[in-house]
Amino acid sequence: MLSRTADHLYWMARYIERTENVARVLDVTYNMSLLPSDSSNEEELWDTVLEIAGIRDIYDKTYKELNAANVIKHLVMDSSNPSSIYSSLRSARENARAVRVAMTTETWENMNTLWLEFGQYIKQDLTQTGLSEFCEWVKSRSHLFRGVCFGTMLRDEAFSFVRLGTFMERADNTARLLDVKYEFLIPMQEANDGAVDYYEWSAVLRSVSAFQAYQKVYRDAIEPMKVSELLILREDMPRSLHACYAEIMPILRQVAGSRQTEAERLAGQMHAKLHYGRMLDIVKDGVHHFLDEFILANRKLGEEIQRNFLSATA
Amino acid sequence: MTQSAKQFFDEMQGYGGNVRAIYQAYNRWLSDVPTQQLAAKRAEAEVLFRRVGITFNVYGEEDGAERLIPFDVIPRMISASEWAHLAKGAVQRVRALNMFLHDIYHDQEIIKAGIVPNSILSNSQYRPEMVGVNVPNQVYAHVAGIDLVRTSESQFYVLEDNLRTPSGVSYMLEDRKMMMRLFPDLFKKYPIAPVEHYPHVLLNNLRSVAQTGVTDPTVVLLSPGAYNSAYFEHAFLAQQMGIELVEGQDLFVRNNAVYMRTTQGPQRVDVIYRRIDDDFLDPLVFKPDSLLGVPGLLSVYRNGGVTLANAVGTGVADDKATYVYVPEMIKFYLGESPILQNVPTYQLSKEDDLAYVLDHLPELVVKEVQGSGGYGMLVGPTASKQEIEEFRLRIVSKPSNYIAQPTLALSTCPTLVDQGIAPRHVDLRPFVLSGKTVSVVPGGLSRVALKEGSLVVNSSQGGGTKDTWVLERDDVSVETMQSQMAAQQANQEAVIC
């Protein structure tokens, strides 16, 4: 298929996934902020949200004060913030519109409805009320998007690139979330004589729909190492890094056909690391170190996908 | 019938006497169908067209609104014998025009013979870049739209030739599909020549003009993109032919070849059915600020690395200033006498013609030489005094920019309008396809001027379309029609009750 068509489909899916993850983090953070705590803590809490989205710089240019209302505004409707839900949804729809003829009617109509309904939400002041409802709506719309693709699209290259976009973005988002929270929570734990903040860690799990999964798998108190294992190495945990690469690998092999691509090699390398890796070894070098390397490698893979498939010039 | 029906030849009523033979069976049927039922069918068609997204962008309108081209449910019929004549004439014309294009970019025999003046070489549509370039099969206009009008039972005229990127064929195909859906019973009775094979013929022709040595050519359709007024047609044809619909950014040039960027890497492109004007094709040669084209495309084309359909530089042959020479071209290149006639045309670059035209503006139609789509023209009989005087000034300031023609008594065809069924003026654009052979699919785009008395059928000026029925034989038995219709009618009534 045309590279441009594949590119639009891939980015449409990435932007939808990004929107969902921003909403997840916002929702959980907002709920955390309702718990009793001192105000300095709350500022740090919202700071982690900016760190996860990687937009601290842009935020500081626009806002003087770090508080819930500003962060929500910035992440939901600020059109100058490329990672805001507004910007991501607009980009998703623009990409969809450019290749309307390449997708099923249902997929297009779903994208279009998503954008029209979003127009209703941004008329409300979400910093006051309705943030949770809004985040729920984003999540369910994202579920619907994946469902309509899965349920209506021919299993051809178009479908492959949509799926590829979803898992590339999800891998990045999960790694960022875990990395930032880890950095934030471990020093607190040390300061508190090793006491684990139950609420903080369960919030991390909830933001990737992994709270129930954790209890099922470990039947144990929440421990940072186990949370990390669940979100990095468990293949059966759908938002884990391993699960994402278990999807990415076969897709890249399929779209490459008989060609040998750098993208497939990089993905295979990372997949092996996640498939055969042990938490013990990861901890030895530091979880933060591992995640930083992962985020860079994932970005590198994104660049190779772009080069090998989406802008084929060579 | 209104008075105009007597002034003008009507496709169904002739001059108001008996219903013409090929329409008699249809007329019987039509007189049994209540007008509201026809209006309901038209409404159904509109809903369906809108759902498919068959819309047309109108340039120069503030909101740039997407509009539906009005569709009329009453067909325009052409008898088998009429069609045989028209098709033969259109094919003859396109053969001569292709030969003219080859000649004008090579030996220029027609100029040497004194038939076409040397001044044609300074026409803005003449592309010096094409001199000496050899195109496969010497085909330049792979797709040609020949606009025909009728003024009496036996008189058809060629109004103009469209040899650049003629559009409208999607309406020929979609209108037919719609009519078959709305009135399947009529198709059982009438021997209507099918048109659905058009994309198939087009694709075969495009494949046949790949450079020699290419066994399985890759054909693509190059579109300016989703904001172009004819984008629907581009997407439609690409889909019907099963070829990629590409934009300029999808193509690139390397080692004297054109490639498209695909997920499987660069793929060589052999034939480009382009729906972009010459000016935008290659920013290195034509408009440097064009983002629609492909840098370097023309150089590959000139070296025979890719085929463009239509060829570059066809505009010099369909220019209104060249039009007057087409009958002579047919004699010169084919040694035949023209089957189809030109409208008598005054060339305002000639002093005598200019003087006559300025004296008779209220009777004439004046057209800009390079205008298209009904923009920049004066229709004398319907223009106000002020409009005529304004146009006079434009003519005097640059006479060579204009031609003039007598106002033609365009034939009318019964059409469903607000007041019921009334005669409206129509024209016809059959599409002539050239590859290894030259052929024309039996049908075309019938455009209808929906405003009472209007002679301008362009969609940008409020024109609509009709399905065109070319009959395979002319002996449509009214009796069979009648008896079957009666049965049908009984059935229908049963359903309606």
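Position numbers for residues count from 1 along each chain, tracking the sequence in the order it is written. Chains carry letters and ligands carry numbers; both start at the beginning, A for chains and 1 for ligands, and go up in the order they are written. Reporting of local features is limited, given that this is a predicted model, to residues whose pLDDT is at least 70; pairs of side-chain atoms are given and counted only at 80 or more, and all residues count toward the totals for whole chains, interfaces and linings. Working from all heavy atoms in the structure, the side-chain values ignore hydrogens and water.

(A) Local environment of the overall build of chain B. Elements are defined by DSSP. Helices are runs of H or I of four residues or more, strands are runs of E of two residues or more, and each kind is numbered from the N terminus. From N to C terminus, chain B includes 17 helices and 23 strands. The classification of residues rests on relative accessible area computed with a 1.4 Å probe and restricted to protein chains. Under 20% of the type maximum is buried, over 50% is exposed, and intermediate values are partly exposed. Here chain B holds 497 residues, and the buried ones make up 58% of them. Working rule for contacts: check all heavy atoms of both residues, and any pair within 4.5 Å makes them a contact. Considering only residue pairs separated by 6 or more positions, chain B has 68% of its internal contacts joining residues 24 or more positions apart. As displayed, chain B has an accessible area near 20,800 Å², and 50% of this comes from carbon and sulfur atoms. The method behind every accessible area is Shrake-Rupley, applied with a 1.4 Å probe, and residues are considered shielded solely by the protein chains displayed.

(B) Examining the sheet that holds strand β7 (residues 244-246) of chain B more closely. All names here are of chain B. What makes two strands pair is DSSP finding at least two bridges between them. An order of β7-β6-β11-β12 is seen for the 4 strands of this open sheet, with the pairing classed as parallel. Because the sheet does not close on itself, it has two edges, and the strands there are β7 and β12 (307-309). Across the sheet, the mean angle separating the axes of adjacent strands is 30° when strand polarity is ignored. Alignment of strand β6 (residues 219-222) against strand β11 (residues 271-274), held across 4 bridges, turns out to be parallel. Across the sheet, residue Leu-221 finds its bridge partner in β11, namely Tyr-273. The axes are straight lines fitted to the C-alpha atoms, using for helices just the contacting stretch, and the angles between their N-to-C directions are given from 0 to 180°.

(C) Fine view of the packing of helix α1 (residues 3-33) of chain A against helix α15 (residues 287-310) of chain A. All names here are of chain A. Where α1 contacts α15, the two axes come as close as 9 Å, and the packing angle between them is 150°. When the axes of α1 and α15 are compared, the pair comes out roughly antiparallel. Across the interface between the two elements, Ser-3, Ala-6, Asp-7, Tyr-10 and Trp-11 of α1 pack against Gly-302, Ile-305, Gln-306, Phe-309 and Leu-310 of α15. For the contact of α1 with α15, the class distribution of residues is 6 nonpolar, 3 polar and 1 charged. Here is the rule for angles: anything less than 35 degrees is roughly parallel, anything more than 145 is roughly antiparallel, 65 through 115 is roughly perpendicular, and the remaining ranges are oblique. Side-chain classes are defined by residue name, with Ala, Val, Leu, Ile, Met, Phe, Trp, Tyr, Cys and Pro counting as nonpolar, Asp, Glu, Lys and Arg as charged, and the others, Gly among them, as polar.

(D) Expanded view of the pairing of strand β15 (residues 364-368) of chain B. Residue and element names in this part refer to chain B. The buried fraction of β15 amounts to 4 of the 5 residues, a majority that puts the element mostly inside the structure. In this structure, β15 lies alongside strand β17 (residues 402-406), joined through 5 bridges in antiparallel fashion. Bridge pairing in β17 links Lys-367 to Ile-403. With 3 bridges joining them, β15 and strand β16 (residues 377-379) adopt antiparallel strand pairing. Bridging across to β16, Lys-367 finds its partner in Met-377.

(E) Broad picture of a nonpolar patch on the surface. Nonpolar side chains collect at one region of the surface, where A:Leu35, A:Tyr198 and A:Tyr199 lie side by side and expose about 310 Å² of accessible area between them. By the element assignment, A:Tyr199 lies in helix α9 (residues 198-207). Patch members must show over 30% relative accessible area and no salt bridge, and they are joined within 9 Å when carrying like charges or within 5 Å when they are nonpolar side chains of Val, Leu, Ile, Met, Phe, Trp or Tyr. Each salt bridge in this description consists of a side-chain nitrogen of Lys or Arg and a carboxyl oxygen of Asp or Glu lying within 4 Å of one another.

(F) Spotlight on the pattern of salt bridges. Across all of its chains, the model carries 50 salt bridges over all chains by this definition. The partner of A:Arg4 in a salt bridge is B:Asp250, with the nearest N and O atoms 2.5 Å apart. In this pair, A:Arg4 is assigned in helix α1 and B:Asp250 in the loop between β7 and β8 (251-254), connecting two distinct chains. An identical accessibility class is assigned to A:Arg4 and B:Asp250; each is buried.

(G) Region of interest: helix α10 (residues 211-218) of chain A. Residue and element names in this part refer to chain A. Along α10, the residues classified as buried are Phe-211, Tyr-214 and Tyr-218. Here the buried residues of α10 occupy an arc of 55° about the axis, which is enough to place them on one side. Residues of α10 that are exposed and point over 90 degrees away from its buried face: Gln-212 and Lys-216. Once α10 ends, the next one or two residues include Arg-219, with phi positive near 45°. Here the arc refers to the set of directions running from the helix axis out to each C-beta atom.

(H) Region of interest: unusual backbone geometry. Cis rather than trans, the peptide bond between B:Ala309 and B:Asn310 has omega equal to -5°. You will see that A:Ser209, though not glycine, has its phi angle at about 50°, which is positive. For A:Ser209, the position within the fold is in the loop between α9 and α10.

(I) Representation of the packing of aromatic side chains. Residues and elements named next belong to chain B. Whether two aromatic rings pair depends on their centres lying within 6.5 Å, for rings of Phe, Tyr and Trp, where Trp uses its six-membered ring; planes under 30 degrees apart make the pair stacked, over 60 edge-to-face, and the rest tilted. Scanning the model with the defined rule gives 32 aromatic pairs over all chains in all. Between Tyr-198 and Phe-431, the aromatic rings sit 6.3 Å apart at their centres with planes inclined by 70°, giving edge-to-face as the arrangement. Taken together, the residues span a long stretch of sequence, with Tyr-198 in helix α8 (residues 198-208) and Phe-431 in strand β20 (residues 431-434) at a distance of 233 residues. Judged by relative accessible area, Tyr-198 falls into the buried class, the value being 0%.

(J) Structural detail: the nonpolar core. One finds A:Phe134, A:Ile232, A:Tyr245, A:Leu252, A:Leu301 and A:Ile305 to be the most contacted residues of the largest nonpolar core, which totals 103 residues. It is helix α8 (residues 157-191) of chain A that provides the largest number of residues to this core, a total of 16 residues. There are two domains that each give this core at least three residues, and those are domain 1 (1-153) and domain 2 (155-314) of chain A. Sequence-distant contacts of A:Phe134, defined by excluding residues within four places in its chain, comprise A:Val76, A:Ile85, A:Phe118, A:Tyr121 and A:Leu126. Joining through side-chain atoms within 4.5 Å is the link that ties buried Ala, Val, Leu, Ile, Met, Phe, Trp, Tyr and Cys residues into a set, and such a set is a nonpolar core. Of all hydrophobic cores here, the second largest spans 71 residues; its members include B:Ile120, B:Val220, B:Leu222 and B:Val324. These domain boundaries are the output of an automatic or database domain assignment.

(K) Highlighting the sheet that holds β16(B). Residue and element names in this part refer to chain B. If you trace the 4 strands from one edge of the open sheet to the other, you get β14-β17-β15-β16, paired in antiparallel fashion. Unpaired on one side and paired on the other, β14 (346-347) and β16 mark the two borders of the sheet. Across 2 bridges, the pairing between β14 and β17 is antiparallel. Paired with Gln-347 across the strands is Ile-403, a residue of β17. The strands touched by helix α16 (residues 385-397) within the sheet are β15, β16 and β17, with β16 carrying the most contacts at an inclination of about 140°.

(L) Region of interest: the interface of chain B and chain A. Facing the 16 residues of chain B at the interface are 17 residues of chain A. When two parts are put together, the accessible area they lose, computed with a 1.4 Å probe and summed over both, is reported as buried area. Contact between chain B and chain A buries roughly 1,300 Å² in total, counting both sides, with carbon and sulfur atoms accounting for 45%. Looking at the side of chain B facing chain A, the largest losses of area belong to B:Arg261, B:Thr263 and B:Gln264, adding up to 47% of the total buried there. On the surface where chain B and chain A come into contact, there are 2 salt bridges. Its salt-bridge partner being A:Arg4, residue B:Glu247 comes within 3.4 Å of it at the nearest N-O pair. When contributions to the side of chain B that touches chain A are tallied by element, the ones reaching two or more residues are β7, β8, β9 (257-262) and β10 (265-269) of chain B. In terms of residue class, the side of chain B that touches chain A is made up of 6 nonpolar, 5 polar and 5 charged.

(M) Here's a closer look at the domain arrangement of chain A. Residue and element names in this part refer to chain A. Annotation of chain A at the domain level lists domain 1 (1-153) and domain 2 (155-314). Here the C-alpha centroids of domain 1 and domain 2 sit 20 Å apart. Of the residues lining the interface, 31 residues belong to domain 1; the matching set on domain 2 comes to 34 residues. The largest per-residue losses of area from domain 1 upon contact with domain 2 belong to Tyr-10, Ile-52 and Met-153, which jointly make up 21% of the total buried on that side. Our count for the contact surface shared by domain 1 and domain 2 stands at 5 salt bridges. Measuring nitrogen to oxygen at the nearest pair gives 3.3 Å for the salt bridge that ties Glu-20 to Arg-239.

(N) Just the pairing of strand β4 (residues 143-150) of chain B, in detail. Residues and elements named next belong to chain B. Among the 8 residues that make up β4, 8 are buried, leaving the element largely enclosed by the rest of the structure. As defined by bridge partners, β4 adjoins strand β5 (residues 156-162) across 6 bridges and the pair is classed as antiparallel. Along β5, the bridge assignment pairs Ile-146 with Asp-161. Between the end of β4 and the start of β5, which pair antiparallel, lie 5 residues.

(O) Quick look at the state of the cysteines. Residue and element names in this part refer to chain A. A pair of sulfur atoms, both from cysteines and within 2.5 Å, is called a disulfide here. Counting across every chain of the model gives 0 disulfides over all chains. Cysteine Cys-149 remains unbridged, with the sulfur of Cys-244 as its closest cysteine sulfur at 16 Å. According to the relative accessible area criterion, Cys-244 is buried, its value standing at 0%.

(P) Up close: the packing of α1(A) against helix α4 (residues 68-76) of chain A. All names here are of chain A. Contact pair α1 / α4: the axes reach a minimum separation of 11 Å and the direction vectors enclose 165°. Regarding the angle of α1 to α4, the classification is roughly antiparallel. Regarding α1 and α4, the two cross each other, and that crossing is left-handed. For the pair α1 and α4, the contacting residues are Val-22, Leu-26 and Tyr-30 in the first and Ile-72, Leu-75 and Val-76 in the second. Each residue belonging to the contact of α1 with α4 can be placed in one class, and the counts come to 6 nonpolar, no polar and no charged. Note: crossing handedness is left-handed where the near helix turns anticlockwise from the far helix by less than a right angle, and right-handed where it turns clockwise.

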